[in-house]
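Analysis of the macromolecular model
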Amino acid sequence: VQLQASGGGSVQAGGSLRLSCAASGRSFTNDGMGWFRQAPGKERNFVAAISGNGVATYYADSVKGRFTISRDNAKDTTYLQMDTLLPEDTAVYYCAAASRLIVSMIGVPSSYEHWGQGTQVTVSS
């Protein structure tokens, strides 16, 4: 069972990146999926989450209106489109899966059972 995050890189402020999280080993199409990020010396923070059927999405206030989470269950892949990137978005981004996503707990890392390895996003000013 594996989640593989990819798509990170270095961009200038105002630029865009799209992260992908591909599942393997078993299907995650019924799982809620989330993205978290962790900057050096800081705790892991919630970025966005999406329900298993893709209907419900949730965002941290800091990324609302700039980031879009989506999923393609046919490919068992979750995406995070990041636009208007800011230097403070610099972090390692992790995808995660929750077999039972509780709305009140979507921002809590321990709510997610499976984690990807992380992909670095660096935004320069």
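See the structure printed just above.
I will try to describe carefully the structure that is included in this document.

Rules and cut-offs
- Residues numbered from 1 in each chain as written.
- Predicted model: local features only at pLDDT ≥ 70, side-chain atom pairs only at ≥ 80, totals over all residues.
- Heavy atoms only, no water.
- Helix = DSSP H or I, 4+ residues; strand = E, 2+ residues; numbered from the N terminus.
- Buried < 20%, exposed > 50% of the residue type's maximum accessible area, 1.4 Å probe, protein only.
- Core = buried A, V, L, I, M, F, W, Y, C linked by side-chain atoms within 4.5 Å.
- Disulfide = S-S within 2.5 Å.

1. Section: the environment of Thr-122
Structurally, the position occupied by Thr-122 is in strand S11 (residues 119-124). Among the residues examined, Thr-122 registers a relative accessible area of 31% and is labelled partly exposed. A sequence separation of 37 residues divides Thr-122 from Leu-85, and the C-alpha atoms of the two residues are 9.4 Å apart.

2. Details of the nonpolar core
By size, the foremost hydrophobic cluster in this structure holds 33 residues, and its most contacted members are Trp-35, Leu-80, Met-82 and Tyr-93. Residue assignment for this core shows that the elements contributing at least two residues are strand S1 (2-6), strand S3 (17-24), strand S4 (32-38), strand S5 (45-50), strand S7 (67-72), strand S8 (77-82), strand S9 (91-98) and S11. No other element matches S9, which puts six residues into this core.

3. Structural notes on the state of the cysteines
In this structure the tally under the stated criterion is one disulfide. In this model, Cys-21 is linked to Cys-95 through a disulfide, with the two sulfur atoms separated by 2.1 Å. One disulfide, between Cys-21 and Cys-95, carries an S-S torsion of 65° and so falls in the right-handed class. With a gap of 74 residues between them, Cys-21 in strand S3 and Cys-95 in strand S9 connect regions that are remote in the sequence.

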